[in-house]
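Descriptive structure summary
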Amino acid sequence: MTPDFDFGLGETADMIRETTQRFAKERIEPLAAKIDADDWFPRDELWPAMGELGLHGITVEEEFGGLGLGYLEHVIAQEEVARASASIGLSYGAHSNLCVNQIRRWANPEQKAKYLPKLISGEHVGSLAMSEAGAGSDVVSMKLRAEKTDGGYVLNGTKFWITNAAYADTLVVYAKTGDGSRGITTFLIEKDMPGFSIGQKIDKMGMRGSPTAELVFNDCEVPEEQVMGPLNGGVGVLMSGLDYERTVLSGIQLGIMQACLDVVIPYVRERKQFGQAIGHFQLMQAKVADMYVALNSARAYVYAVAKSCDAGKTTRFDAAGAILLASENAVKVSLEAIQALGGAGYTKDWPVERFARDAKLLDIGAGTNEIRRMLIGRELIGN
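Residues numbered from 1 in each chain as written. Predicted model: local features only at pLDDT ≥ 70, side-chain atom pairs only at ≥ 80, totals over all residues. Heavy atoms only, no water.

A few words now on the overall build of the chain. Within the chain, the regular secondary structure consists of eleven helices and ten strands. Computed over its C-alpha atoms, the radius of gyration of the chain comes to 21 Å, within 12% of the 21 Å expected for a compact globule of 383 residues. For the chain, the spread of C-alpha atoms along the principal axes amounts to about 80 × 45 × 40 Å. The proportion of buried residues among the 383 residues of the chain is 56%. (Helix = DSSP H or I, 4+ residues; strand = E, 2+ residues; numbered from the N terminus. Rg over C-alpha atoms; globule rule 2.2 N^0.38 Å. Buried < 20%, exposed > 50% of the residue type's maximum accessible area, 1.4 Å probe, protein only.)

Our focus in this paragraph is unusual backbone geometry. Although it is not a glycine, M207 adopts a positive phi angle of roughly 50 degrees. One can find M207 in the loop between β6 (196-201) and β7 (212-223). Even without glycine at this site, D219 takes up a positive phi of about 50 degrees. With respect to the helices and strands, the residue D219 is situated in strand β7. A relative accessible area of 47% means that D219 is categorised as partly exposed.

As a further point, take the nonpolar core. Counting residues in hydrophobic clusters, the biggest one holds 94 residues, and the most contacted among them are I103, Y174, I252 and L254. If one sorts the elements of this core by residue count, helix α7 (residues 234-270) sits on top with 18 residues. With 21 residues, the next largest nonpolar core counts Y153, A168, F187 and M193 among its residues. (Core = buried A, V, L, I, M, F, W, Y, C linked by side-chain atoms within 4.5 Å.)

Attention now moves to the packing of aromatic side chains. Counted according to the given criterion, the structure contains ten aromatic pairs. On the numbers, 4.9 Å between centres and 70 degrees between planes, the contact of F41 with Y167 is edge-to-face. You can see F41 sitting in the loop between α2 (32-38) and α3 (43-53) and its partner Y167 sitting in the loop between β3 (152-163) and β4 (170-176), a full 126 residues away along the chain. On the basis of relative accessibility, which here comes to 4%, the residue F41 falls in the buried class. Classification of Y167 by relative accessible area gives partly exposed; the value is 32%. Ring centres of F274 and F281 lie 6.4 Å apart, and the angle between their planes is 80 degrees; on these two criteria the pair is classed as edge-to-face. Its end group placed over the ring of Y153, K148 keeps NZ or CZ at 5.2 Å from the ring centre. (Phe/Tyr/Trp six-rings, centres within 6.5 Å; stacked < 30°, edge-to-face > 60°. Lys NZ or Arg CZ within 6 Å of the ring centre and 35° of its normal.)

Attention now moves to the pattern of salt bridges. A full pass over the atoms with the stated rule returns 24 salt bridges. A salt bridge links E79 to R299; its shortest N-O distance comes to 2.7 Å. With E79 in helix α4 (residues 71-84) and R299 in helix α8 (residues 282-310), this residue pair connects regions lying 220 residues apart in the sequence. The two residues E79 and R299 agree in class, both being buried. K118 is the salt-bridge partner of E123, the closest N and O atoms lying 4.0 Å from each other. The class for E123 is partly exposed, based on a relative accessible area of 46%. Connected through shared salt-bridge partners, R17, E79, E80, R83, D262 and R299 make up one network. (Salt bridge = Lys/Arg side-chain N within 4 Å of Asp/Glu carboxyl O.)

Shown next as structure tokens:
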């Protein structure tokens, strides 16, 4: 095991880590290879059990069945789930943060009472639909249209790259109700609404077992009470959620880096070449040292930003900076883990090649690293 650095996060955070770590080790990790190999989402095996632990509602008030804790605790739970399986970590983050936390923040009391209990228990799976085939980084250019009718809206168009899509019971969906950035509205969509269907399922390089698909809206009739937040105020809903999304999803990359060290340190202690364990060679010691420093430097930034989120003081550029550092470090650490294992690391007999494939996703998802750098630079310079 890697030595633990005490970040002084507090008893509650430590308890969340211990509980989640134990569950992930016993219930998620044994399934991780199958999840990846078969592109399998073990909803029944994991989602209700995670609900029983309270993992789906960490940031939700207790009156709706949540734990009433903060983003720091959410990051830690995210980290420990992803340490066992980054794929489950991604689906968990999309469910618990992108969907559940947005409903907590923006839904009216009736919507919260209707949707949160089953999402938090794990009976239902949640999703968020923002991106389209032609609207990723430039999300305001989305084409999904919601036309006003008597008593509601009719939605036509598609969403793409949507995590949990094929399994989701409740989806937070952004659609055009007007022109430009002030013409987007947030809707709560249920899987059985007429005119709503799942389109193409996407076969990915990594994060296999975290299902990704297209959403199709073909004259989908949505009652007016399904509008979440202000009419034409969807960009505010969307952008405010991105800061918390980036912070919480950073925990996935922390978990991947820890998983790499969990494999590499025992391996270099046991693998012998030239009559001694390869961990005795200074080049290998330097490699492990760099991996450890990459993990804990990213942890320090991510935990600090999560604390700022809880204090209501986070900045958009620091949320972007935290996931930028965590993601790029995770890609480097996972590639070094492959290198440390040599030929074994390049085979599917060891999980490090999966770690590398999984790590690459968050160089792209939740805003590409290029967009993150642009955002940070623009905010700092003031343009």
